[in-house]
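# Geometric and topological summary
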Amino acid sequence: MTTETPNQIPPAAISDDHAFAVWAAEQAGERLLQVRAEGLEGRALKDAGDAAAQSLLAALLAEHRPDDAVLSEEAADDKSRLDAPRVWIIDPLDGTREFSEPPRDDWAVHVALWESGELTAGAVAQPALGETFNTGRPAVVPPRSSVRPRIAVSRSRPPAFVAALAAELDAELVPMGSAGVKVMSVVRDVADAYVHAGGQYEWDNAAPVAVARAAGLFCSRVDGSELVYNKDDVSLPDLIVCRPELAESIIAFVREHGTD
């Protein structure tokens, strides 16, 4: 496995958390592209990617943000984070299945910072696209290019209720991998909403939500309640990210029909 030393930290990232999130996510993304080029396949490629990205991000955080706590999908949960004022919430490789299926590009790296109750910085790198969406330079969501609403859903396990929601809204379902990629699809005008229920964790959506909010999109639980991070129980099973004008109708549908 490739173990090259990460590039030197840019001066801006030393003190600016937005810039650090971008740099860390992009460094992990570069490492993942290296791993993907090593000839591994299937489970071996998934495992190598997870391990390489986790190792790199853990090292960068330990060196450059040593006083901050970390919550990661790929590491044991140190509950001391519950008393920490600053917690980095990371998913070193979101969309492991898609990562293991070259040349698919719908996988991502998530790096977010939670401070005293709020997400304050975040970056979502899509290395195979060469794109990193972030809170330091919030994306400008393009004008909607589709007459019918488009709802991003999982390519492998779309929630059943979303099909009924799509029928209600006369919407088109757009399947893709990675929670982060689906949220960024709304930022990019590839979709107009991402509606999910049935299981996620804080690392699946913390960075994407931070980026989406910075871009002016609506983000909440499916019942319209707030998304809360750095909890003892890190399960965060449902999510809406959408253009603001769609939020009311989506929440009303869920409140009336549920997600079963």
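What comes next concerns the included structure. Please read these numbers as outputs of a predicted model, since none were measured by experiment. (Residues numbered from 1 in each chain as written. Predicted model: local features only at pLDDT ≥ 70, side-chain atom pairs only at ≥ 80, totals over all residues. Heavy atoms only, no water.)

### Structural notes on the nonpolar core
Within soluble globular proteins, side chains that are nonpolar tend to cluster in buried spots. The biggest cluster of nonpolar side chains holds 39 residues, and the ones touching the most others in it are Ile 89 and Tyr 229. Among the secondary structure elements, those contributing two or more residues to this core are β1 (69-72), β2 (86-94), β3 (108-115), β4 (118-126), β7 (172-176), α6 (179-187), α7 (202-214) and β10 (238-242). Per-element tally for this core: the top contributor is α7, with seven residues. What Tyr 229 contacts, discounting residues up to four positions off in sequence, is Ile 89, Trp 114, Leu 119, Glu 202, Asn 205, Ala 206, Val 209 and Leu 236. Counting residues in each nonpolar core, the second largest holds 30 residues, with Ala 28, Leu 32, Leu 61 and Ala 121 among its members. (Core = buried A, V, L, I, M, F, W, Y, C linked by side-chain atoms within 4.5 Å. Buried < 20%, exposed > 50% of the residue type's maximum accessible area, 1.4 Å probe, protein only. Helix = DSSP H or I, 4+ residues; strand = E, 2+ residues; numbered from the N terminus. Contact = heavy atoms within 4.5 Å.)

### Looking at the sheet that holds β2
With respect to topology, five strands assemble into an open sheet ordered β1-β2-β3-β4-β5, the strand pairing being mixed. On the outer flanks of this sheet lie β1 and β5 (131-134), each paired with one strand and no other. The average angle at which neighbouring strand axes cross in this sheet is 15°, direction not considered. Of the strand pairs in this sheet, β4 and β5 are connected by four bridges, and their pairing is antiparallel. Paired with Val 124 across the strands is Phe 133, a residue of β5. (Pairing = 2+ DSSP bridges. Axes fitted to C-alpha atoms, helices over the stretch in contact; angles between N-to-C directions.)

### As for the pairing of β7
Looking along a regular strand, one sees side chains alternate from face to face of the sheet. Where strand β6 (residues 150-154) lies against β7, five bridges are found, and the strand directions are parallel. Bridging from a neighbouring strand, Ser 154 pairs with Met 176 of β7.

### Topic: the sheet that holds strand β8 (residues 193-197)
The pairing of strands in a sheet happens through backbone hydrogen bonds and is either parallel or antiparallel. The five strands are arranged β7-β6-β8-β10-β9 in an open sheet whose pairing can be described as mixed. Lying at the two open borders of the sheet, with one neighbouring strand each, are β7 and β9 (218-220). Neighbour to neighbour, the strand axes of the sheet diverge by 20° on average, direction disregarded. Sheet analysis places β6 next to β8, joined by two bridges and oriented parallel. Each residue of the ladder has a partner; that of Ile 151, found in β8, is Ala 193. Where α6 meets the sheet, it contacts β6, β7, β8 and β10, and its direction lies at approximately 150° from that of β8.

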